[in-house]
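Observations on the three-dimensional arrangement
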Amino acid sequence: MRRTSEKDGDFTEFVAQRRPELVRLATLLVSGDAAKAEDVVQTALTRIYLAWPKVRRETATAYARRCVVNAAIDERRSLFRRREQLSAQFPDVAAETPHQDGDLAVALLATLPASMRAAVVLRYVEGLSIAETAAAMRCGEGNVKSQSARGLQKLREQFPARTQHVCP
């Protein structure tokens, strides 16, 4: 068994290398909310740290990706998230309209249910195979195929003019 300082050093190195891509993935999974994405990644990294002695180095990235997907779905399901948030004042500014393709993609993805969004993001944004996506989502390959196909179809139906250059 490795010593704690060696374990911490390995984990710190892993986080330094992989955190930016995990934050990017989380941002897409939580519909572009950077603060929620940071929270999701922090939750996932905490879970990974606790399991770090058991994590195989060759599958650490896939495991981290799966933890981020699970944390994003858990965040969405949490009771606090479901509560309506009231405000006594109207916002000073109207909501921004997406201008860049990245903003447009996030806005389009936000219209999908969490599992469809995860399948579409992992398959078409992250470029994972069907098997890798199924492992990250902890589901069967058939589910990944149907969720990603339905997700793309839903995006095309809802936004036909905008998805021509955004959706594959």
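Criteria and cut-off values
Residues numbered from 1 in each chain as written. Predicted model: local features only at pLDDT ≥ 70, side-chain atom pairs only at ≥ 80, totals over all residues. Heavy atoms only, no water. Core = buried A, V, L, I, M, F, W, Y, C linked by side-chain atoms within 4.5 Å. Buried < 20%, exposed > 50% of the residue type's maximum accessible area, 1.4 Å probe, protein only. Helix = DSSP H or I, 4+ residues; strand = E, 2+ residues; numbered from the N terminus. Contact = heavy atoms within 4.5 Å. Polar contact = N/O pair within 3.5 Å; in protein donor to acceptor, adjacent residues only side chain to side chain. Axes fitted to C-alpha atoms, helices over the stretch in contact; angles between N-to-C directions. Parallel < 35°, antiparallel > 145°, perpendicular 65-115°, else oblique. Nonpolar A, V, L, I, M, F, W, Y, C, P; charged D, E, K, R; others polar.

Take the nonpolar core next. Among the nonpolar cores identified, the biggest contains 45 residues, and Leu29 and Val68 are the most heavily contacted of them. By residue number, the principal contributor to this core is helix H1 (residues 4–29), which donates nine residues. The residues contacting Val68, other than those within four sequence positions of it, are Leu22, Leu25, Ala26, Leu29, Val40 and Ala44.

For the rest of this paragraph, the subject is the side chain of Arg117. Note on placement: Arg117 falls in helix H6 (residues 114–125). On the accessibility criterion, Arg117 (1% relative accessible area) is buried. A distance of 3.3 Å separates a polar atom in the side chain of Arg117 from the backbone oxygen of Leu109. In contact with Arg117, not counting residues within four places along its chain, are Leu28, Leu29, Ser31, Arg76, Leu109, Ala110 and Leu112.

Once that is clear, we can look at the packing of helix H7 (residues 130–137) against helix H8 (residues 141–158). Contact geometry for H7 and H8: axes closest at 8 Å, N-to-C directions at 100°. With respect to each other, H7 and H8 are oriented roughly perpendicular. Here H7 contributes Ile130, Ala131, Thr133, Ala134 and Met137 to the contact with H8, which in turn contributes Glu141, Val144 and Lys145. Here the contact of H7 with H8 is composed, by residue class, of five nonpolar, one polar and two charged.

Here H6 crosses H8 at 95°, and the two axes come no closer than 8 Å. Classed by the angle they form, the pair H6 and H8 counts as roughly perpendicular. For the pair H6 and H8, the contacting residues are Ser115, Met116, Ala119, Val120, Arg123 and Tyr124 in the first and Val144, Gln147, Ser148, Arg150, Gly151, Leu152 and Lys154 in the second. Taken together, the residues of the contact of H6 with H8 break down into six nonpolar, four polar and three charged.

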